[in-house]
Amino acid sequence: MLDRIEKTAAQLSPAESRVARWVLEHPRRAAEATLAQVAEECGTSQPTVIRFCRHVGLAGFRELALRLTEDLSRPGRFVHRDVNANDRPADVATKIIDSAVRTLLEQRQWLQSSDILDAAERLAGARQIVFAGIGGSGHVSSDACHKFFRLGIPCSALTDIPSIRQAASIATVGDVFVITSNSGRWSALRDAADGIRRSGASVIAITDPESQLAKAAEIAIPCSFHEDTGVYTPMNSRLAQLAVLDVLQVASALILGDPAAENLAKTKHALSTQMST
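These numbers come from a predicted model, not from an experiment.

Definitions and limits used
Residues numbered from 1 in each chain as written. Predicted model: local features only at pLDDT ≥ 70, side-chain atom pairs only at ≥ 80, totals over all residues. Heavy atoms only, no water. Core = buried A, V, L, I, M, F, W, Y, C linked by side-chain atoms within 4.5 Å. Buried < 20%, exposed > 50% of the residue type's maximum accessible area, 1.4 Å probe, protein only. Helix = DSSP H or I, 4+ residues; strand = E, 2+ residues; numbered from the N terminus. Contact = heavy atoms within 4.5 Å. Pairing = 2+ DSSP bridges. Axes fitted to C-alpha atoms, helices over the stretch in contact; angles between N-to-C directions. Salt bridge = Lys/Arg side-chain N within 4 Å of Asp/Glu carboxyl O. Polar contact = N/O pair within 3.5 Å; in protein donor to acceptor, adjacent residues only side chain to side chain. Parallel < 35°, antiparallel > 145°, perpendicular 65-115°, else oblique. Nonpolar A, V, L, I, M, F, W, Y, C, P; charged D, E, K, R; others polar. pLDDT = per-residue confidence, 0-100.

Draft legend 1. Just the nonpolar core, in detail. Counting 27 residues, the largest nonpolar core has V178, I221 and L248 as the members making the most contacts within it. For this core, the elements supplying multiple residues, two or more each, are helix 8 (116–124), strand 1 (128–133), helix 9 (136–148), strand 3 (175–181), strand 4 (202–207), strand 5 (219–222) and helix 13 (236–256). Ranked by residue count, the leading element in this core is helix 13, at five residues. Beyond its immediate sequence surroundings of up to four residues, L248 is in contact with I116, A119, A120, L123, F148, I206 and I221. In terms of nonpolar packing, the next biggest core, distinct from the first, is built from 24 residues, L12, A30, A31 and A39 among them.

Draft legend 2. Region of the structure containing the sheet that holds strand 1. An order of 2-1-3-4-5 is seen for the five strands of this open sheet, with the pairing classed as parallel. The open sheet has two edge strands, strand 2 (155–158) and strand 5, and neither has a second partner. Sheet twist, expressed as the mean angle between neighbouring strand axes with direction ignored, is 15 degrees. Note that strand 3 and strand 4 share six bridges and pair parallel.

Draft legend 3. Broad picture of the pattern of salt bridges. The tally for this structure, following the rule as stated, stands at nine salt bridges. Two residues, E63 and R67, come together in a salt bridge whose shortest N-O distance is 3.3 Å. With E63 and R67 both in helix 6 (residues 61–72) and four residues apart, this pair spans about one turn of that helix. For the salt bridge of E218 with R122, the shortest nitrogen-to-oxygen distance reads 2.9 Å. Placement of the pair is E218 in the loop between helix 12 (212–216) and strand 5 and R122 in helix 8, with a sequence separation of 96 residues. For E218, a relative accessible area of 32% corresponds to the partly exposed category.

Draft legend 4. View of the side chain of S17. Here S17 is to be found in helix 2 (residues 14–25). When its relative accessible area of 12% is taken as the criterion, S17 is described as buried. A polar atom in the side chain of S17 sits 3.4 Å from the backbone oxygen of A9. Excluding residues that lie within four positions of it along the chain, S17 makes contacts with A9 and L12.

Draft legend 5. Quick peek at the environment of R197. Within the secondary structure, R197 is located in helix 11 (residues 187–198). Remark: the alpha-carbon pair of R197 and A171, spanning 26 residues in sequence, is separated by 8.7 Å. Beyond its immediate sequence surroundings of up to four residues, R197 is in contact with V203, A216, A217 and E218. Of note is the side chain of R197, whose polar atom sits 3.2 Å from the backbone oxygen of A217.

Draft legend 6. How the structure looks around the packing of helix 2 against helix 4 (residues 35–42). Interaxial distance between helix 2 and helix 4 falls to 9 Å at its minimum, and their mutual angle equals 105 degrees. The angle between helix 2 and helix 4 places the two elements in the roughly perpendicular class. Between helix 2 and helix 4, the contacting residues are R18, V19 and W22 on the first element and V38, E41 and C42 on the second. Looking at the contact of helix 2 with helix 4, its residues break down into four nonpolar, no polar and two charged.

Draft legend 7. View of the confidence of the model for the protein chain. For the protein chain, per-residue confidence averages 88 on the pLDDT scale, and 91% of positions sit at 70 or higher. Scored below 50 in pLDDT, residues 76–80 makes 14 contacts in the model with residues more than four places away or belonging to other chains.

So this is what it looks like as structure tokens:
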């Protein structure tokens, strides 16, 4: 929750930004305070605090207190995420692993309010699935393709803009595109999503819920995290994306039932046969 507030603070009104700053600086007090107390501490009105809550994706003030309490109870919540040149290897390990744990716990919370069932049903009934992503998200898309084709659904992975644009231009009813992007800011991905939907195909976006890509998709699954790229390449966003796609693959397999189980058994047997020769 604190990461989400930090990320959306720049998009808020001046009065709402004061609320965001106070909550980020005093998360425990904010979790225990009443609506009136928060408004007084921030020098603003109670309706402004409620608008702030809604702008960061919450139903209201009570949910803010609940999410903050959950955040504060997580392991490593206050371990500084940035790795610096003077860190010992043991410190680096602690920071990276704790950051990964927080990321996955935050993603679990987001998935509880996502359209996972709807997305899995579309994937299970797809004529073909196209996984698309750029950079680190491209590697995630390739991994998803490797997982999903074993269910017996034709799959492909596209990891560059020209290929994504071409595939979007020939999309048709029954196709499902899964576009993964941590920021959702690539205009080419948004344009591709618009074209895919105009063709009658479906778009599932795994991305920042406030991004243009999310707005262009038929189903948007929230998945976006701050990355400390000063020392190491982005990892947390990829871990979260991989987890989301694993959830979708397992959910799709359950929907498909026996045919999926049989295909998974066949592919596993094919590998074991190759290894024994």
